[in-house]
Every structure is written in structure tokens, then in C-alpha cells.
Amino acid sequence: MSAGPVHRPACTAGDAALLEVAEAIAADWAELGVRGSFLARNLDTGEQLGFDADEPVPLASVVKVPLALVVLDRIAAGELDAARPVTVDPATGSVGPTGLAAFRHPATVAVGDLVLLMLAVSDNTAADALLDLVPVADVDARLTAWGCSGIRMRHRLHHMYQCAAGAAGNDFSLALELAIRDDRSGRHTIETLDPAHANLGTAASLVTLLQRVWRDEIAHAGATAELRRLMGLQVFTHRLAAELRADTVRVSGKTGTFLHLRHEIGVVEAESGDRVAVAALTRSDRRANLAPDIDLAIGIAARQAFEALRR
């Protein structure tokens, strides 16, 4: 059987030196068997570099960032009480290895702390509990009203696992094989990996969202400030922050992982005042649940882009 056409990423950059960095990152990813999109932008100068930044990609848990912004905006507007208690029953909660999703007994948590759990440890049950208060359609409508073109919220987090189980039963190794096969063919067995039905975003739209949050150009100022604070509390530092650990650098981010998807978006800030927003959205062709080399490649890309875009 002949091999399919080789994908050639469409690189973009402000000048030749930045274009060289974008091309090097794309080549590194291709060598690992990773296809994806990447964009990094200096929030103050507007200079940027990346590739395939307008390609729509299923977001997995990265969608929790726009969800959090909508919830926090309602709190800032006085429409939702951050202290409101919500009782969550694990028997009816979403699948996931962290936070309330891993609990065995009912627990009562305030709305504001559900947002914390959703962002800091990527708690799927916390996310779906928030969607009981602010439905999916309301989140999607608010994003549209804010002009967040390129970002769509269409389903709850638990629906990802329901669709995978519907296609592969409880065999997530089979689900991973289906995801990889379907990514090549463009015909999706798992509905929540189909761009026509998935929670969706592009690297460009996500970087623009982060830019607006960090510059207080969207929602209430109290909501954007709280989102920045909570994203700074993320406990997972194996992707964007992997190559940027230093006392003089702060990385605020949110990962997204599901089957062959490994993503992260975030903002890198240095004491010097440099601020760079990054979106790295990857799809692997590897039948492995763990791929630390891909995680590290995201971190290397973030460091290279940050260093290239510093003033």
C-alpha cells in the first residue's frame, strides 16, 4: 500500500528568524510522529510564530478554560454565588482520575472551588457540575457573543467517555486505535473526536482568548483576574512548563488529554515583563497512553518560542 501524502505544515511568523523557529518546531514534532498546530504570540508586541494555527481540533480538557471564564463572569456579574454549595455524587459524576471524579463518596463543594478543581487538577466531575449550573448551550452562546470565533463548546466532559465506550466498549486501547485510524481517514467513529461535533478550537483562537484574558479585554475584570490566578495553580507542569522552570518565570496553563490528543494552552510571563501566550494542540499516531517525549516536545517548543519572541 502506498503511503498517503506527506503533510506540510503551513508556518507563519513575523520575520525570517521567527519563521525558522516555527519550521524547526514543526520538524521536531513530525520526527516524533506528532501532527498538530502551534502558535505563540507576544501579548504586548503582537509578534508571533507557529504553524497550522487555524486548523480546528477537538479540545479535550482545554475547553475548561473558556468554560471557567463564562462561569467566573457570571460570578463577577452577581448572577452566580461563588460560595453556593453543590453536592456531587460520584455515582453520577464524570469519568476521570483526579479531584471529585476520583471520589468514592458524595461531597459538597462551593461553586468557586469547583472552578479551582476543574482548572488546577482538570477535574471532569467538577466541570460537569458547573455545566449543571451554566448549560453547554449558554457557554457556547456567551463565547459567540464575545466574538470568540473558532472556539465551540458542544458537549459535557463525560460525553467524551460515553462516545469512546460506545465505539469500543470498555477497551480504551481499541478506542485509541480507532482515534488514530480515524484521524488519518477523516471518518470519525468516536463522535467527540469529529470536528463537526466536538468541543472545538484552533491554536489561533485560543491564543487570542488568552490575550484578551491577560489584557482584560473580555468579560468582567474580576473574572479575568480570577482565571489568571487559577490557571497559575495548575499542578501539571510536564508540558508547557517542562523547559521553563525558573524563579523568574511563571507559567499559567491548562492541559487537555484524551486518547491520542495531548494539548496545552497557557501564558509564559517573565520578571522582565515579557508575556507570551502559547497554544500547542497535538495528535499522536502512537498507540501509547503515555508519551513523555511528546510532552517534552511541547515544552521545548514553548521555550524556543518564548525565547524567540522576547523583546
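Residues numbered from 1 in each chain as written. Predicted model: local features only at pLDDT ≥ 70, side-chain atom pairs only at ≥ 80, totals over all residues. Heavy atoms only, no water.

### Observations regarding the sheet that holds strand 8 (residues 249-258)
One open sheet accounts for 6 strands, arranged 1-3-2-10-9-8; its pairing is antiparallel. Every interior strand has two partners, whereas the edge strands, strand 1 (11-13) and strand 8, have only one. Within the sheet, the average angular offset between the axes of one strand and its neighbour, ignoring direction, is 10°. As defined by bridge partners, strand 2 (residues 34-42) adjoins strand 3 (residues 48-51) across 4 bridges and the pair is classed as antiparallel. By the bridge assignment for strand 3, alanine 40 is matched with leucine 49. Helix-sheet contacts for helix 8 (residues 203-214) involve strand 2, strand 8, strand 9 (261-270) and strand 10 (275-284), and the interaxial angle to strand 10 is about 150°. (Pairing = 2+ DSSP bridges. Helix = DSSP H or I, 4+ residues; strand = E, 2+ residues; numbered from the N terminus. Axes fitted to C-alpha atoms, helices over the stretch in contact; angles between N-to-C directions. Contact = heavy atoms within 4.5 Å.)

### Points about the pairing of strand 10
In terms of residue burial, strand 10 counts as a mostly covered element, since 10 of its 10 residues are buried. Neither face of strand 10 is exposed, since Arg275, Ala277, Ala279, Leu281 and Arg283 on one face and Val276, Val278, Ala280, Thr282 and Ser284 on the opposite face are all buried. Pairing geometry for strand 2 and strand 10, over 9 bridges, is antiparallel. Residue pairing for strand 10: serine 37 is matched across the bridge by leucine 281. Where strand 9 and strand 10 come together, 9 bridges link them in antiparallel fashion. (Buried < 20%, exposed > 50% of the residue type's maximum accessible area, 1.4 Å probe, protein only.)

### Quick notes on the packing of helix 2 (residues 64-76) against helix 9 (residues 221-231)
It is at 8 Å that the axes of helix 2 and helix 9 come closest, and there the two elements cross at 135°. The pairing of helix 2 with helix 9 is recorded here as oblique in orientation. Crossing hand, helix 2 versus helix 9: right-handed. Contacts between helix 2 and helix 9 involve Val65, Ala68, Leu69, Leu72, Asp73 and Ala76 from the former and Ala223, Thr224, Glu226, Leu227, Leu230 and Met231 from the latter. Split by residue class, the contact of helix 2 with helix 9 holds 9 nonpolar, 1 polar and 2 charged. (Parallel < 35°, antiparallel > 145°, perpendicular 65-115°, else oblique. Left-handed = near helix turned anticlockwise from the far one by under 90°. Nonpolar A, V, L, I, M, F, W, Y, C, P; charged D, E, K, R; others polar.)

### Brief notes about empty space enclosed by the protein
One pass over the full model with this rule turns up 1 cavity of 30 Å³ or more. Looking at the largest cavity, the residues that line it are Pro58, Leu59, Ala60, His155, Met160, Thr192, Leu193, Ala198, Asn199, Phe258 and Leu261. Counted by class, the lining of the largest cavity contains 8 nonpolar, 3 polar and no charged residues. (1 Å grid on protein atoms, 1.4 Å probe; cavity = no way out; pocket = protein on both sides within 12 Å on 5 of 7 lines; lining within 4 Å. Points joined across faces, edges and corners; volume = space filled by probe spheres on them.)

### Side note on the environment of valine 65
Residue placement: valine 65 occurs in helix 2. When the C-alpha atoms of valine 65 and leucine 210 are compared, they prove to be 9.2 Å apart, with 145 residues separating the residues in sequence. Ignoring sequence-local partners within four residues, the contact set of valine 65 consists of Leu119, Leu209, Leu227, Met231, Lys254 and Ile265.

### So, the side chain of aspartate 182
Residue placement: aspartate 182 occurs in helix 7 (residues 172-185). Among the residues examined, aspartate 182 registers a relative accessible area of 2% and is labelled buried. Excluding residues that lie within four positions of it along the chain, aspartate 182 makes contacts with Arg187, His188, Thr189 and Ile190.

### Quick notes on the nonpolar core
Counting 73 residues, the largest nonpolar core has Val115 and Leu227 as the members making the most contacts within it. Of the residues forming this core, the biggest block, 8 residues, is contributed by helix 8. One finds Trp29, Leu244, Ala301 and Phe306 within the second-largest nonpolar core, a separate group that totals 30 residues. (Core = buried A, V, L, I, M, F, W, Y, C linked by side-chain atoms within 4.5 Å.)

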